[in-house]
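# Understanding the architecture of this molecule
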Amino acid sequence: VENKEEAELKKRILSNPDDPDIMKDIMRIYRERIYWCIRRIVLVHEDASDVFQETMIKIWKNLGKYKGESTLFTWIYRIATNEALQHLRKKDIQTFENPDGTLSVKDMLNNDPYFHGNRIQLALQEAIARLPEKQRLVFQYRYFDELSYEQISELTGTSQGALKASFHHAMEKIENELKKAAHDIFIQ
Amino acid sequence: MEELHKNNYGFSLPDDYDFNTSEILNRIEIEKEVSAFPLLNQIRKESKKAFLIPDTFFPEIMELSFLEKITNGKEVRKNAKIFSVSGFFRKAAVIFFAVIFSMLIYYILKDHTKKNINSVYMNGGKDTCLTLACIEKEELVKELFYEISDEEIDNYH
(Lines give C-alpha, C1' and ligand atoms only; values in the text may rest on other atoms or scores of the structure.)
Protein backbone atom coordinates (compact mmCIF):
# COMPACT_ATOMS: atom_id res chain seq x y z
CA VAL A 1 0.00 0.00 0.00
CA GLU A 2 1.43 3.34 -1.04
CA ASN A 3 1.03 6.37 1.18
CA LYS A 4 0.29 9.84 -0.18
CA GLU A 5 3.97 10.83 -0.42
CA GLU A 6 4.89 7.69 -2.36
CA ALA A 7 1.93 8.09 -4.70
CA GLU A 8 2.98 11.67 -5.45
CA LEU A 9 6.58 10.67 -6.06
CA LYS A 10 5.37 7.95 -8.42
CA LYS A 11 3.39 10.55 -10.40
CA ARG A 12 6.45 12.80 -10.64
CA ILE A 13 8.62 9.94 -11.92
CA LEU A 14 6.07 9.03 -14.56
CA SER A 15 5.71 12.62 -15.75
CA ASN A 16 9.36 13.71 -15.61
CA PRO A 17 11.93 11.02 -14.72
CA ASP A 18 14.83 13.40 -15.37
CA ASP A 19 13.82 15.72 -12.52
CA PRO A 20 16.99 15.84 -10.36
CA ASP A 21 14.98 16.25 -7.13
CA ILE A 22 13.40 12.82 -7.56
CA MET A 23 16.55 11.05 -6.45
CA LYS A 24 16.74 13.19 -3.34
CA ASP A 25 13.19 12.19 -2.42
CA ILE A 26 13.79 8.51 -3.15
CA MET A 27 16.80 8.63 -0.84
CA ARG A 28 14.85 10.43 1.86
CA ILE A 29 11.89 8.05 1.79
CA TYR A 30 13.54 4.69 1.07
CA ARG A 31 17.21 4.91 2.06
CA GLU A 32 16.92 2.90 5.29
CA ARG A 33 14.69 0.20 3.84
CA ILE A 34 16.96 -0.15 0.80
CA TYR A 35 20.07 -0.35 2.98
CA TRP A 36 18.60 -3.01 5.26
CA CYS A 37 17.30 -5.05 2.36
CA ILE A 38 20.87 -5.12 0.99
CA ARG A 39 22.58 -5.62 4.34
CA ARG A 40 20.48 -8.69 5.19
CA ILE A 41 21.68 -10.30 1.97
CA VAL A 42 25.36 -9.30 1.88
CA LEU A 43 25.68 -9.18 5.71
CA VAL A 44 28.80 -7.00 5.95
CA HIS A 45 28.44 -3.20 6.18
CA GLU A 46 31.30 -2.40 3.81
CA ASP A 47 29.75 -4.53 1.07
CA ALA A 48 26.28 -3.16 1.83
CA SER A 49 27.61 0.38 1.43
CA ASP A 50 29.06 -0.43 -2.03
CA VAL A 51 25.91 -2.22 -3.16
CA PHE A 52 23.80 0.67 -1.85
CA GLN A 53 25.65 3.07 -4.16
CA GLU A 54 25.33 0.71 -7.11
CA THR A 55 21.61 0.35 -6.39
CA MET A 56 21.11 4.11 -6.31
CA ILE A 57 22.91 4.53 -9.63
CA LYS A 58 20.80 1.77 -11.15
CA ILE A 59 17.58 3.35 -9.88
CA TRP A 60 18.61 6.75 -11.31
CA LYS A 61 19.60 5.18 -14.60
CA ASN A 62 16.32 3.27 -14.95
CA LEU A 63 13.81 5.83 -13.70
CA GLY A 64 12.67 6.40 -17.28
CA LYS A 65 11.83 2.70 -17.61
CA TYR A 66 9.54 2.67 -14.59
CA LYS A 67 6.01 2.30 -15.95
CA GLY A 68 4.14 2.46 -12.65
CA GLU A 69 2.70 -1.05 -12.98
CA SER A 70 4.12 -2.13 -9.63
CA THR A 71 4.41 0.03 -6.54
CA LEU A 72 7.50 2.22 -6.46
CA PHE A 73 8.63 0.46 -3.28
CA THR A 74 8.62 -3.04 -4.82
CA TRP A 75 10.33 -1.76 -7.98
CA ILE A 76 13.13 -0.25 -5.88
CA TYR A 77 13.31 -3.26 -3.58
CA ARG A 78 13.67 -5.60 -6.55
CA ILE A 79 16.59 -3.57 -7.90
CA ALA A 80 18.24 -3.58 -4.45
CA THR A 81 17.78 -7.36 -4.11
CA ASN A 82 19.16 -8.05 -7.58
CA GLU A 83 22.20 -5.84 -6.97
CA ALA A 84 22.90 -7.55 -3.65
CA LEU A 85 22.58 -11.05 -5.14
CA GLN A 86 24.76 -10.03 -8.08
CA HIS A 87 27.37 -8.78 -5.63
CA LEU A 88 27.41 -12.17 -3.91
CA ARG A 89 27.74 -13.92 -7.26
CA LYS A 90 30.65 -11.68 -8.24
CA LYS A 91 32.36 -12.53 -4.97
CA ASP A 92 31.39 -16.17 -5.49
CA ILE A 93 29.63 -16.46 -2.15
CA GLN A 94 26.12 -17.39 -3.26
CA THR A 95 25.78 -20.04 -0.59
CA PHE A 96 28.37 -18.62 1.82
CA GLU A 97 29.98 -22.04 1.82
CA ASN A 98 33.71 -22.64 1.92
CA PRO A 99 35.08 -25.33 -0.41
CA ASP A 100 35.48 -27.68 2.56
CA GLY A 101 31.75 -27.44 3.28
CA THR A 102 32.02 -25.22 6.34
CA LEU A 103 30.24 -21.90 6.32
CA SER A 104 32.17 -18.68 6.16
CA VAL A 105 29.31 -16.57 7.52
CA LYS A 106 30.77 -16.74 11.01
CA ASP A 107 34.17 -15.51 9.77
CA MET A 108 32.59 -12.75 7.71
CA LEU A 109 30.49 -11.48 10.59
CA ASN A 110 33.25 -11.84 13.16
CA ASN A 111 35.44 -9.67 10.97
CA ASP A 112 32.76 -7.03 10.52
CA PRO A 113 33.14 -4.28 13.15
CA TYR A 114 29.48 -3.45 12.62
CA PHE A 115 28.13 -6.80 13.74
CA HIS A 116 27.51 -7.09 17.46
CA GLY A 117 25.53 -10.29 17.62
CA ASN A 118 26.06 -13.02 20.20
CA ARG A 119 26.56 -16.72 19.43
CA ILE A 120 22.90 -17.43 18.93
CA GLN A 121 22.71 -14.52 16.47
CA LEU A 122 25.64 -15.99 14.57
CA ALA A 123 23.88 -19.36 14.55
CA LEU A 124 20.76 -17.66 13.16
CA GLN A 125 22.75 -16.09 10.31
CA GLU A 126 24.42 -19.42 9.55
CA ALA A 127 21.06 -21.17 9.46
CA ILE A 128 19.67 -18.51 7.10
CA ALA A 129 22.71 -18.91 4.84
CA ARG A 130 22.03 -22.65 4.56
CA LEU A 131 18.59 -22.05 3.04
CA PRO A 132 18.11 -22.15 -0.73
CA GLU A 133 18.30 -18.64 -2.26
CA LYS A 134 14.59 -18.09 -2.82
CA GLN A 135 13.60 -19.42 0.61
CA ARG A 136 16.30 -17.26 2.16
CA LEU A 137 14.88 -14.15 0.50
CA VAL A 138 11.31 -14.97 1.55
CA PHE A 139 12.45 -15.47 5.13
CA GLN A 140 14.38 -12.20 5.19
CA TYR A 141 11.58 -10.21 3.59
CA ARG A 142 9.05 -11.52 6.09
CA TYR A 143 10.97 -12.02 9.35
CA PHE A 144 13.17 -8.93 9.23
CA ASP A 145 11.62 -6.51 6.75
CA GLU A 146 8.02 -7.37 7.69
CA LEU A 147 6.78 -7.26 4.12
CA SER A 148 3.28 -8.52 3.36
CA TYR A 149 2.77 -11.63 1.24
CA GLU A 150 1.27 -9.36 -1.39
CA GLN A 151 4.51 -7.36 -1.59
CA ILE A 152 6.72 -10.48 -1.57
CA SER A 153 4.57 -12.00 -4.28
CA GLU A 154 5.06 -8.90 -6.42
CA LEU A 155 8.80 -9.04 -5.78
CA THR A 156 9.38 -12.71 -6.41
CA GLY A 157 6.60 -13.54 -8.84
CA THR A 158 5.45 -16.41 -6.60
CA SER A 159 1.89 -17.05 -5.43
CA GLN A 160 0.99 -16.01 -1.90
CA GLY A 161 0.09 -19.60 -0.95
CA ALA A 162 3.51 -20.86 -2.04
CA LEU A 163 5.18 -18.02 -0.13
CA LYS A 164 3.35 -18.90 3.09
CA ALA A 165 4.52 -22.50 2.78
CA SER A 166 8.04 -21.41 1.96
CA PHE A 167 8.22 -19.10 4.99
CA HIS A 168 6.90 -21.84 7.25
CA HIS A 169 9.47 -24.37 5.98
CA ALA A 170 12.26 -21.84 6.39
CA MET A 171 11.24 -21.13 9.98
CA GLU A 172 11.07 -24.85 10.75
CA LYS A 173 14.60 -25.44 9.41
CA ILE A 174 16.03 -22.43 11.23
CA GLU A 175 14.31 -23.28 14.51
CA ASN A 176 15.86 -26.76 14.41
CA GLU A 177 19.32 -25.30 13.72
CA LEU A 178 18.86 -22.83 16.56
CA LYS A 179 17.86 -25.60 18.96
CA LYS A 180 21.07 -27.47 18.12
CA ALA A 181 23.15 -24.30 18.51
CA ALA A 182 21.48 -23.42 21.81
CA HIS A 183 22.13 -26.96 23.07
CA ASP A 184 25.83 -26.70 22.12
CA ILE A 185 26.15 -23.31 23.79
CA PHE A 186 24.43 -24.62 26.94
CA ILE A 187 26.75 -27.68 27.13
CA GLN A 188 29.85 -25.50 26.79
CA MET B 1 -18.48 22.44 24.32
CA GLU B 2 -19.71 21.14 20.99
CA GLU B 3 -16.80 22.89 19.27
CA LEU B 4 -14.32 21.31 21.72
CA HIS B 5 -15.73 17.85 21.09
CA LYS B 6 -15.45 18.36 17.33
CA ASN B 7 -11.75 19.19 17.74
CA ASN B 8 -11.13 16.17 19.99
CA TYR B 9 -10.57 18.39 23.03
CA GLY B 10 -7.47 20.04 21.59
CA PHE B 11 -5.88 16.90 20.19
CA SER B 12 -5.40 16.71 16.44
CA LEU B 13 -3.76 14.55 13.82
CA PRO B 14 -1.21 15.53 11.18
CA ASP B 15 -2.91 16.23 7.83
CA ASP B 16 -1.07 13.39 6.12
CA TYR B 17 -1.71 10.84 8.91
CA ASP B 18 -3.06 7.65 7.48
CA PHE B 19 -4.46 4.71 9.47
CA ASN B 20 -2.67 1.99 7.57
CA THR B 21 -4.82 -0.92 8.66
CA SER B 22 -3.31 -3.38 6.20
CA GLU B 23 0.16 -2.70 7.65
CA ILE B 24 -1.10 -3.25 11.20
CA LEU B 25 -2.86 -6.48 10.19
CA ASN B 26 0.28 -7.66 8.42
CA ARG B 27 2.36 -7.15 11.56
CA ILE B 28 -0.17 -9.06 13.65
CA GLU B 29 -0.08 -11.90 11.12
CA ILE B 30 3.76 -12.04 11.29
CA GLU B 31 3.66 -12.11 15.10
CA LYS B 32 1.27 -15.05 14.93
CA GLU B 33 3.39 -16.96 12.40
CA VAL B 34 6.66 -16.46 14.26
CA SER B 35 5.17 -17.19 17.69
CA ALA B 36 4.82 -20.86 16.65
CA PHE B 37 8.65 -21.07 16.76
CA PRO B 38 9.79 -20.15 20.29
CA LEU B 39 13.50 -19.55 19.62
CA LEU B 40 12.95 -17.50 16.47
CA ASN B 41 10.28 -15.53 18.30
CA GLN B 42 12.52 -14.91 21.29
CA ILE B 43 15.52 -13.60 19.35
CA ARG B 44 13.65 -11.60 16.73
CA LYS B 45 14.08 -8.14 18.27
CA GLU B 46 17.74 -8.76 19.16
CA SER B 47 18.42 -9.98 15.62
CA LYS B 48 17.55 -6.59 14.23
CA LYS B 49 19.88 -4.87 16.68
CA ALA B 50 22.86 -7.16 15.97
CA PHE B 51 23.68 -5.30 12.76
CA LEU B 52 25.04 -1.80 13.26
CA ILE B 53 25.72 1.09 10.89
CA PRO B 54 28.29 3.88 11.35
CA ASP B 55 26.54 6.99 12.73
CA THR B 56 27.73 9.05 9.79
CA PHE B 57 26.49 6.70 7.06
CA PHE B 58 22.98 8.04 6.46
CA PRO B 59 23.82 11.75 6.97
CA GLU B 60 26.70 11.35 4.48
CA ILE B 61 24.59 9.76 1.79
CA MET B 62 22.09 12.59 2.02
CA GLU B 63 24.81 15.10 1.23
CA LEU B 64 24.79 16.76 -2.16
CA SER B 65 28.14 15.21 -3.11
CA PHE B 66 26.71 11.69 -2.86
CA LEU B 67 23.73 12.59 -5.01
CA GLU B 68 26.04 14.22 -7.56
CA LYS B 69 28.14 11.07 -7.60
CA ILE B 70 25.05 9.06 -8.48
CA THR B 71 23.90 11.41 -11.21
CA ASN B 72 27.45 11.58 -12.59
CA GLY B 73 27.46 7.82 -12.55
CA LYS B 74 24.48 7.99 -14.87
CA GLU B 75 26.31 10.30 -17.24
CA VAL B 76 29.37 8.05 -17.30
CA ARG B 77 27.29 4.99 -17.97
CA LYS B 78 25.25 6.75 -20.63
CA ASN B 79 28.41 7.64 -22.51
CA ALA B 80 29.86 4.21 -21.96
CA LYS B 81 26.76 2.64 -23.45
CA ILE B 82 27.55 4.10 -26.86
CA PHE B 83 30.50 1.72 -27.05
CA SER B 84 28.74 -1.15 -25.43
CA VAL B 85 28.64 -4.09 -27.86
CA SER B 86 27.87 -7.79 -27.53
CA GLY B 87 30.50 -10.31 -26.41
CA PHE B 88 31.24 -11.68 -29.91
CA PHE B 89 31.80 -8.25 -31.46
CA ARG B 90 33.86 -7.17 -28.47
CA LYS B 91 36.19 -10.16 -28.93
CA ALA B 92 36.39 -9.59 -32.70
CA ALA B 93 37.24 -5.91 -32.15
CA VAL B 94 39.97 -6.82 -29.63
CA ILE B 95 41.53 -9.34 -32.06
CA PHE B 96 41.30 -6.86 -34.96
CA PHE B 97 43.02 -4.09 -33.00
CA ALA B 98 45.66 -6.52 -31.69
CA VAL B 99 46.54 -7.58 -35.27
CA ILE B 100 46.65 -3.97 -36.52
CA PHE B 101 48.80 -2.95 -33.56
CA SER B 102 51.24 -5.88 -34.07
CA MET B 103 51.58 -5.06 -37.79
CA LEU B 104 52.20 -1.43 -37.00
CA ILE B 105 54.88 -2.30 -34.43
CA TYR B 106 56.46 -4.78 -36.90
CA TYR B 107 56.76 -2.20 -39.71
CA ILE B 108 58.01 0.55 -37.39
CA LEU B 109 60.70 -1.70 -35.92
CA LYS B 110 61.65 -3.10 -39.34
CA ASP B 111 62.05 0.39 -40.74
CA HIS B 112 63.94 1.58 -37.68
CA THR B 113 66.34 -1.42 -37.74
CA LYS B 114 66.97 -0.93 -41.48
CA LYS B 115 67.78 2.74 -40.89
CA ASN B 116 70.16 1.87 -38.06
CA ILE B 117 71.99 -0.76 -40.15
CA ASN B 118 72.31 1.69 -43.02
CA SER B 119 73.47 4.35 -40.64
CA VAL B 120 76.20 2.18 -39.06
CA TYR B 121 77.41 0.12 -42.01
CA MET B 122 76.78 2.41 -44.97
CA ASN B 123 77.29 5.89 -43.56
CA GLY B 124 79.35 4.97 -40.49
CA GLY B 125 76.60 6.32 -38.23
CA LYS B 126 77.70 9.85 -38.92
CA ASP B 127 74.20 10.92 -39.83
CA THR B 128 72.86 10.18 -36.44
CA CYS B 129 75.61 10.60 -33.87
CA LEU B 130 78.83 12.49 -34.04
CA THR B 131 80.02 12.40 -30.43
CA LEU B 132 83.35 10.76 -29.55
CA ALA B 133 81.60 7.98 -27.64
CA CYS B 134 79.41 7.12 -30.64
CA ILE B 135 82.31 7.07 -33.07
CA GLU B 136 84.33 4.78 -30.76
CA LYS B 137 81.35 2.47 -30.38
CA GLU B 138 80.84 2.29 -34.15
CA GLU B 139 84.52 1.51 -34.71
CA LEU B 140 84.27 -1.33 -32.21
CA VAL B 141 81.18 -2.76 -33.93
CA LYS B 142 82.87 -2.51 -37.32
CA GLU B 143 85.93 -4.41 -36.01
CA LEU B 144 83.73 -7.18 -34.61
CA PHE B 145 81.84 -7.37 -37.90
CA TYR B 146 85.01 -7.75 -39.98
CA GLU B 147 86.32 -10.43 -37.56
CA ILE B 148 83.44 -12.76 -38.51
CA SER B 149 84.68 -15.23 -41.10
CA ASP B 150 82.89 -15.81 -44.41
CA GLU B 151 82.21 -19.41 -43.32
CA GLU B 152 80.40 -18.23 -40.23
CA ILE B 153 78.31 -15.89 -42.31
CA ASP B 154 77.43 -18.69 -44.75
CA ASN B 155 76.35 -20.95 -41.91
CA TYR B 156 74.13 -18.26 -40.45
CA HIS B 157 70.62 -18.45 -41.84
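Refer to the structure printed above.
Before going into details, it helps to say that this report is about the structure given with it. Predicted, not measured: the structure shown is a model, and the values here were computed from it.

This part takes up the overall build of chain A. Across its full length, chain A carries nine helices and zero strands. Counted from the first residue to the last, chain A has its helices and strands arranged as α-α-α-α-α-α-α-α-α. Expressed as a percentage of the 188 residues in chain A, the buried residues total 55%. For chain A, restricting intrachain contacts to residue pairs at least 6 apart in sequence, the fraction spanning at least 24 positions comes to 61%. Roughly 9000 Å² of accessible area belongs to chain A as shown, and the carbon and sulfur atoms make up 47% of that amount.

This part covers the nonpolar core. Ile 26, Phe 52, Ile 59 and Phe 139 of chain A together with Leu 40 of chain B are the most contacted members of the largest nonpolar core, which totals 77 residues. If you tally residues by element for this core, the top one is helix H2 (residues 21-42) of chain A, at 13 residues. If we ignore the near neighbours within four places in the chain, the residues touching Ile 59 of chain A are Met 23, Ile 26, Ile 34, Trp 75, Ile 76 and Ile 79 of chain A.

Turning to the packing of aromatic side chains, a few remarks are in order. Residue and element names in this part refer to chain A. In total, this model carries 16 aromatic pairs over all chains according to the counting rule given. Taken together, a centroid distance of 5.0 Å and an interplanar angle of 85° make the contact between Tyr 143 and Phe 144 edge-to-face. Overall, Phe 144 belongs to the buried group, its relative accessible area being 5%. In this structure, Arg 142 is placed above the aromatic ring of Tyr 149, and the distance from its NZ or CZ to the ring centre is 3.9 Å.

Each value, and the rule that gives it
Residues numbered from 1 in each chain as written. Chains lettered and ligands numbered in written order. Predicted model: local features only at pLDDT ≥ 70, side-chain atom pairs only at ≥ 80, totals over all residues. Heavy atoms only, no water. Helix = DSSP H or I, 4+ residues; strand = E, 2+ residues; numbered from the N terminus. Buried < 20%, exposed > 50% of the residue type's maximum accessible area, 1.4 Å probe, protein only. Contact = heavy atoms within 4.5 Å. Areas by Shrake-Rupley, 256 points an atom, 1.4 Å probe, with all protein chains shown as cover. Core = buried A, V, L, I, M, F, W, Y, C linked by side-chain atoms within 4.5 Å. Phe/Tyr/Trp six-rings, centres within 6.5 Å; stacked < 30°, edge-to-face > 60°. Lys NZ or Arg CZ within 6 Å of the ring centre and 35° of its normal.

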